[in-house]
Amino acid sequence: MTRVGKGVLPLAVPPLLMAAAAVLCGVAVHIVPPGRVFGNPDDYLPVHSILELVSISVSLMVFSLGWAVRRADRNHRSLIVGLAAMAAAAIDIFHTLSYAGMPDLITPSSPEKAINLWLLGRLAMAIGLILAVTTAERQWSNRERRLCLGAVGLLTAALIAAGLAHPEWFPRTFIPGSGLTTFKITAEYVLSAAYVAASSLLYLRFRRDGDRNDLKVAAAAWVLGLTGVLLTLYGDVGDLFNLTGHVGKALAYLLIYNALFVSGVQAPYAALAKEQALLRTLMDSVPDLIFFKDPQSRYLGYNKAFAAYCGRSENDMAGKTDDQFAPPDIAAFYRAKDREAMAAGHPSTNEEWIDYPDGRRVLLETVKAPIHDDRGTLLGMVGISRDITGRKSAEEKLRRAHYDLEMVTAVAAHDLQEPARTIASFLQLLQMRYGGQLGEDADQYITYAVEGAHRMRAQLSGLLEYTLIDRGDPLFPPVDAGAVLAEVLDALKLRMDETKATVIHDGLPVVNADPGQLRLLFQHLIGNAIKFRHADRNPEIRVTATRRGDCWEFAFADNGIGIEEAYWDKIFVVFQRLHTLNHYEGTGIGLAICRKIVERHGGRIRVVSVPDQGSTFSFTLPDRA
C-alpha cells in the first residue's frame, strides 16, 4: 500500500463504523421496536435532568481545565474545546429547564423548545472539536484569549435568549402526534457527520503521533455522532433510544475531560516530575555544594555534597537556617552574604573556609545568585560552593615560583650589567691599544666581541626594565595622554629629524595610568614605527584615541614595512625577533614590555598589519573615573 493510502485509510475508519452502527440501529428498530423505559413522561423528567446535569457539570469542568492550562497549551486546542464546552454547558442548562414538564421559563416549556436548545448545544461542541483539530498551531496572546472568551460568551447568550424568548424563530423540529420533523432528523445527521469528521481527523492524528488522548477525544466525538443517530430513532421521550442518547452524551463528555486532564495536567506534571528527578540526579552527582534558600535564608533544599558538609539530611534542614548546624559567627557570615547577593540582584562570589564533620578543613569559592519569578518577585537564592583548596595551593606555589623567577631575573639582569660593562671596557681598551697590530682577523674578532658586549648590556637593561614593570602598587592617577605624547616626541626629536618622521595626532584624553609606564609605552610604539620604516617613504605615524564602552582605545598607525599575519602574536614575546641585527638593531624586548604595561593596566594590545603598507598597534585602557 502506498504512503498516501496509509495516510487516508484512518480517515475512513470512524465513518465506516458509524455507518455500521446506524445500520444496526435501523435494523434493531424494525426487528425489536424499542419499548418505553418510562411509561409516563413525567417519570423520565428527573432522569433526564440528572443526565443533563452530569453533562453540564463535566462540560464546565472541561472549560475550567482548558482555561486553567491556557498559557501552557502551546497549540491552544484545550482552550478551544473548553470554550465550546462552556457554550454547550450554558445552552444545555436552559435545554434542561425548557424540557417538557419543567416550569415555564419566559415562554412555555415544550419538546420543541428543548430540542432547539439541544441542537444548539450539540452544534457548539461540534464546531469546537473541528476547530481544535484543524486550526493551525499558534500561541495565543492573553488579549486574544480574552477576546475569544468574550465572543463565545456573547454569542452563546444571544442564542440562548433567542431559544427562550422566540422559539418560533427556529424551524419546526417536533409536531405533537406526528413526532420528529424532517429538519430535526436532517440536523441530527448533519451534526453527526460533523462529529464523525472530527473523529476521523483525531484518529488520524493518533495514528501519526501515538497520543492516546487524541484517541480518547476521537472516541468521544464518535459517540456524540452516534448520539445524534439514536436521537432520530426514538418515538417517545421515555423510550430506550432517547435514554441511550443522553447517557452517551454524558459518557462522551467524560471522555473529553479525561483526555484534557491527562494531556493538560497529568502529562505536564509527569514531565515536571521527570525533570525534577533528572535535576536531582545531576545535582547529587556534582561534587560542588549546591543549595537553595528563601528570602529569609531558610533552606529550601540542597544536594548530597552539601548534606555531607552540614551533617544533616535535606529533609531535616528544610525550612531551617544555618544556625541549626553552624557556629553563630559562621551562620551570621552566611546570612550576610545571602543578603548581599539578594540585594545586589546579580551573582556575587566570596571565599570561605569550612570544617567538615570528619575534620577536613577546605577553602570554598561560593557563588550566590538571587532567584526571581517572571514578574521580578524575589523567590530566594541559589548557591554553589566549589572546593578550591588544591587550586589555591597550586596558585600560591606558582605565584611564589613566579616571584622567585622574577627576583632571580631582576638580580641577574642588574648584577650582570657590571661584568658586561667591564668586559666591554677592556675589549675597547684592547681594541685601542692593539688595533692594527694583531692582524685583520684579530681586529674583526675584537669588534665582534665589543658589539656583543654592548648588545648584552642592552638586553640585560631591557630585561631588568621588563621585570620591574609589575613591581610596586598599581596606582593609576589621572594622566593627560596628550602631555605624555608631547614629552615622548620631544625625547625622540633627534631620531625623527634624522628620518624625517612625522607624528599626526588629535586631542588625546585624560586616562588613569602610571605616568612613567605610559610614557615608556608611547616611546616604544613610536620608536618601533620609526625603526621599521619603509625605504621608499618617510615615516608617518598617526595617533588616535576612541571611546569604546568603559575604556579608551589608542591606536598607533604607521606606513612602515608591515608584518605578516603569522607573526602578529609572536612579536609580543620576549626576545622574539623577525629580523636579523644586520637589518634592524634592538633587543627584542620592546613590544613585550608594551604588552606587560597594557595588561598591568587591565587592557589588551594587538596589531593589525598589511605587509609593505604599514601596521596599526592598538591597545585599551579601562576608564576608572
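Residues numbered from 1 in each chain as written. Predicted model: local features only at pLDDT ≥ 70, side-chain atom pairs only at ≥ 80, totals over all residues. Heavy atoms only, no water.

Novice: Outline the sheet that holds strand 12 (residues 551-558), listing residues and values.
Specialist: The mixed open sheet is built from five strands, whose spatial order is 9-11-12-14-13. Here the strands that pair on one side only, and so sit at the sheet edges, are strand 9 (502-505) and strand 13 (605-610). Within the sheet, the average angular offset between the axes of one strand and its neighbour, ignoring direction, is 20°. (Pairing = 2+ DSSP bridges. Helix = DSSP H or I, 4+ residues; strand = E, 2+ residues; numbered from the N terminus. Axes fitted to C-alpha atoms, helices over the stretch in contact; angles between N-to-C directions.)

Novice: Tell me about the environment of Thr-134, and name the residues and values.
Specialist: By secondary structure assignment, the location of Thr-134 is in helix 4 (residues 111-134). Sequence separation of Thr-134 and Leu-202 is 68 residues, and the distance between their C-alpha atoms is 9.6 Å. A polar contact is formed between the side chain of Thr-134 and the backbone oxygen of Ile-130, at a distance of 2.6 Å. (Polar contact = N/O pair within 3.5 Å; in protein donor to acceptor, adjacent residues only side chain to side chain.)

Novice: I'd like a description of the pairing of strand 12, backed by residues and values.
Specialist: In terms of burial, strand 12 is a largely internal element, seven of the eight residues being buried. Pairing geometry for strand 11 (residues 540-548) and strand 12, over eight bridges, is antiparallel. Across the sheet, Arg-547 pairs through a bridge with Trp-552, a residue of strand 12. Here strand 11 hands over to strand 12 after two residues, with Gly-549 in that stretch at a positive phi of 65°. For strand 12 and strand 14 (residues 614-622), the ladder comprises seven bridges, and the chain directions are antiparallel. Residue pairing for strand 14: Phe-554 is matched across the bridge by Phe-619. (Buried < 20%, exposed > 50% of the residue type's maximum accessible area, 1.4 Å probe, protein only.)

Novice: Would you mind going over the packing of helix 4 against helix 7 (residues 212-230) in detail, with residue names and values included?
Specialist: Contact geometry of helix 4 with helix 7 gives a least axis separation of 12 Å together with a crossing angle of 150°. The angle between helix 4 and helix 7 places the two elements in the roughly antiparallel class. In the packing of helix 4 onto helix 7, the handedness of the crossing is left-handed. Between helix 4, through Trp-118, Arg-122, Met-125 and Leu-129, and helix 7, the contact on the second element is made entirely by Val-217, Ala-221, Leu-224, Thr-227 and Gly-228. Grouping the constituent residues of the contact of helix 4 with helix 7 by class yields six nonpolar, two polar and one charged. (Parallel < 35°, antiparallel > 145°, perpendicular 65-115°, else oblique. Left-handed = near helix turned anticlockwise from the far one by under 90°. Contact = heavy atoms within 4.5 Å. Nonpolar A, V, L, I, M, F, W, Y, C, P; charged D, E, K, R; others polar.)

Novice: Account for unusual backbone geometry, with residues named and values stated.
Specialist: Even without being a glycine, Ile-106 presents a positive backbone phi close to 70°. Assignment of secondary structure puts Ile-106 in the loop between helix 3 (77-97) and helix 4.

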